[in-house]
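If you want the building blocks of each chain, they are given just below.
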Amino acid sequence: MRSSAVPALPLAQRVRGLEMPWNRVLSSASEPAGAATALGPWHPQEFAAECVETIPEAGGMMVFVFRRMDGAPLAFRSGQYINIDFPIDGPNAEPVSRSYSISSAPTEPWTFSITIKRDPKGKVSPWAHDHLRPGTVLDMLGPVGAFHLADYDRRARFLLLAAGAGITPLMSMIRTVHSLPGQADVVLLYHGAAPDSFAFSEELDFLANVDFRIKVIYCLGDRECGDEWEGRTGRLSTSLLDELVPDANGRQVFACGPEGYLNSATELLRTVGVDDTSVFMEFFSGDREIRAEYAEEVAIAGEIAEEIAATTEEYFESQPAALDMYEPEYDADGPVEAVGAPTEAVDAEAVVPVDAEVEIEVVGVTDENLAEAGPDSASDAGSTVPAGDGAAASAGESGDDDEIAVVDPAALPTVGQGEHTMSFVRTGLNVCVGEDETVLQAARKAGVKIPANCQEGMCGSCKVVKLDGDVEMNHLGGIRAREIDAGKFLPCCSTVKTDLVIDA
């Protein structure tokens, strides 16, 4: 087995807190920095937007992606909503107005998306699901709403509480945090009605895996669930908050969901010590008073939009020509619609062909010896696991199955120094480690990417599967007994006792 020394890689460096990209430049008077104002005035505007894509989501939801007809980007803050006129009763009838949260991130402003849950008893959502397709143009007003992330937050520690369709504005916040640098810390506690009702779950799982700043916890409430459910159960309660987010007092809380859920959350957060000034809530259903408040908010936004529309052309003309800012073209009727590729409607539910998933087979690790480690090992951490890019070099060695990549740990390149060897089969690297060094420390020195948040054995974000070998783990509750039985462990608080084969 050969070894070679590689320079230690520094841990990721990030700015403290979270800062939106427009915050610094909007306060700058210098011309180059002022170019960011190309996003346009930051206030409600009336505009037309064309649907360019529909994406089915879990929980009876549908994502509708739009682009503005004047070709301008949409400037908004993550968490805000837009008011939309739906021509439900025909083009010559009075449209039905509804407000929907923007689920996309403002850091990608050239298109934006809303997510609508079908309500069989509703008037707008069934129409949107059945008739709103690519090419449909709707009149909109926005952005609106004070429920949003701050432009600059030095502390940037958030607790996001979502129930059902309340995930929509919080999804925009999580996407924003992930797209920006910053030492943010996000915990999402997401309540759903059934195991298959969690919208965006695939993307949330991905973000939680690749971004150590984001932690996602699914919870089914007090509904019955099968043995296959690995998430939490139980309604939102003080005991649940104390267990999952013991540092809730100290985080900013953004909560969205039904009125009853939010009223309960208000009392529970006070009980666990969260100050009211740190709690922000968005109702997607509510009583007459709440709906009246939203109507008043939209009405004010409309007045602002009318005032601004009269001065927008003057605004752009007042900007320095050196900025070469984006400016919509105008005629006597207002902004001219941008000329672009025509939208072609396609079947939103068409099956997209995907390549078969490649698996890894590790030489010397069998279902039999995995089964010795625990009753769930063969199924949970079996000898064949999905392959990542790091295993590509070994793919096809067996020659009799193109979908199985055979990895021989002894054939992988080796780096580092120490008494034992850790074989990271997905990365395709052996890392030598001493008994006084944690698995995570040695892995990061060698450049093996393992997301980790607390690094104290408490949060569980670094959890990986051990295919072979023994470790000594001193965790603080970040892993359950049955997960340990299944071969999982926390690299941040584990030292090696023998050579290891790790699914990472």
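All figures in this text were calculated on a predicted structure; none of them were measured in a lab.

Caption draft 1: Region of interest: the overall build of the chain. Summing up its helical and strand segments, the chain has 11 helices and 26 strands in all. Per-residue burial over the chain gives 46% buried out of 504 residues. Summarising the internal contacts of the chain: among those between residues at least 6 apart in sequence, 68% fall at separations of at least 24. A total of about 25000 Å² of accessible surface is found on the chain, and carbon and sulfur atoms cover 49% of it.

Caption draft 2: Spotlight on the pattern of salt bridges. Counted according to the given criterion, the structure contains 16 salt bridges. The shortest N-O distance in the salt bridge between Arg-270 and Asp-276 comes to 3.0 Å. Since its relative accessible area comes to 42%, Asp-276 is described here as partly exposed.

Caption draft 3: Representation of the packing of aromatic side chains within the structure. Inspection of every chain in the model, using the stated rule, returns 11 aromatic pairs. A network of ring pairs unites the aromatic residues Phe-147, Phe-158, Phe-254 and Phe-280 as a single cluster. The lysine or arginine in question, Arg-68, covers the ring of Phe-47, its NZ or CZ lying 4.5 Å from the ring centre.

Caption draft 4: How the structure looks around the sheet that holds strand 11 (residues 214–219). Pairing in this open sheet of 5 strands is parallel, and the strands run 11-10-9-12-13 from one edge to the other. The open sheet has two edge strands with one neighbour each: strand 11 and strand 13 (279–283). Neighbour to neighbour, the strand axes of the sheet diverge by 15° on average, direction disregarded. Across 5 bridges, the pairing between strand 9 (residues 157–163) and strand 12 (residues 252–257) is parallel. Opposite Ala-162, over in strand 12, you have Cys-256 as the bridge partner. With respect to the sheet, helix 4 (residues 201–210) is in contact with strand 10 (185–191) and strand 11, its orientation differing from that of strand 11 by roughly 140°. Together, strand 9, strand 10, strand 12 and strand 13 form the strand contacts of helix 6 (residues 259–271), whose direction differs from that of strand 13 by roughly 170°.

Caption draft 5: How the structure looks around helix 6. With 13 residues, helix 6 extends 19 Å between its outermost C-alpha atoms, agreeing within 8% with the 18 Å of an ideal straight helix rising 1.5 Å per residue. Among the structural elements, strand 9, strand 10, helix 5 (238–244), strand 12 and strand 13 are those in contact with the buried residues of helix 6. Gly-273 lies just past helix 6 and shows a positive phi near 100°.

Caption draft 6: Region of interest: the pairing of strand 9. Counting buried positions along strand 9 gives 6 out of 7 residues, so the element sits mostly inside the fold. The pairing of strand 9 with strand 10 spans 7 bridges and is classified as parallel. Bridge pairing in strand 10 links Phe-158 to Val-186. Considered for its hand, the β-α-β crossover made up of strand 9, helix 3 (residues 167–179) and strand 10 is right-handed.

Caption draft 7: A look at the confidence of the model for the chain. Averaged over every residue, the pLDDT of the chain is 80; residues scoring 70 or more account for 76%. With pLDDT under 50 throughout, residues 373–401 is counted as low confidence; its partners more than four residues away or in other chains account for 65 contacts.

Caption draft 8: Spatial organisation of the sheet that holds strand 21 (residues 429–433). If you walk across this open sheet you meet the 6 strands as 19-21-20-26-22-24, and the pairing is mixed. Single-partner strands in this sheet number two, and they are strand 19 (414–415) and strand 24 (488–489).

Caption draft 9: Main features of unusual backbone geometry. Between Gly-142 and Pro-143 the backbone carries a cis peptide bond, its omega angle lying at 5°. Turning to its location among the elements, Pro-143 is positioned in strand 7 (residues 137–144). Even without being glycine, Ala-156 reaches a positive phi, approximately 50°. Within the secondary structure layout, Ala-156 lies in the loop between strand 8 (152–153) and strand 9. Here the phi dihedral of Phe-200 falls at roughly 65°; this positive angle occurs in a residue that is not glycine. Its place among the elements puts Phe-200 in the loop between strand 10 and helix 4. Exposure remark for Phe-200: the relative accessible area of 3% places this residue in the buried category.

Caption draft 10: The arrangement of helix 2 (residues 124–131) in detail. For helix 2, the tally of buried residues reaches 6 of 8 residues, placing the bulk of the element in the interior. Listed as buried for helix 2 are Val-124, Ser-125, Pro-126, Trp-127, Ala-128 and His-129. The elements touched by buried residues of helix 2 are strand 3 (61–68), strand 4 (81–86), strand 5 (96–101) and strand 6 (112–117).

Caption draft 11: View of the side chain of Arg-68. As for its placement among the helices and strands, Arg-68 is situated in strand 3. With relative accessibility at 8%, the residue Arg-68 sits in the buried group. At 3.4 Å, the side chain of Arg-68 and the side chain of Gln-45 are in polar contact. Apart from the residues lying within four places of it in its own chain, the contact partners of Arg-68 are Gln-45, Phe-47, Ala-48, Ala-49, Pro-73, Leu-74 and Phe-112.

So, how was this worked out
Residues numbered from 1 in each chain as written. Predicted model: local features only at pLDDT ≥ 70, side-chain atom pairs only at ≥ 80, totals over all residues. Heavy atoms only, no water. Helix = DSSP H or I, 4+ residues; strand = E, 2+ residues; numbered from the N terminus. Buried < 20%, exposed > 50% of the residue type's maximum accessible area, 1.4 Å probe, protein only. Contact = heavy atoms within 4.5 Å. Areas by Shrake-Rupley, 256 points an atom, 1.4 Å probe, with all protein chains shown as cover. Salt bridge = Lys/Arg side-chain N within 4 Å of Asp/Glu carboxyl O. Phe/Tyr/Trp six-rings, centres within 6.5 Å; stacked < 30°, edge-to-face > 60°. Lys NZ or Arg CZ within 6 Å of the ring centre and 35° of its normal. Pairing = 2+ DSSP bridges. Axes fitted to C-alpha atoms, helices over the stretch in contact; angles between N-to-C directions. Expected span 1.5 Å × (residues − 1). Right-handed = clockwise from strand over helix to strand, strands pointing away. pLDDT = per-residue confidence, 0-100. Polar contact = N/O pair within 3.5 Å; in protein donor to acceptor, adjacent residues only side chain to side chain.

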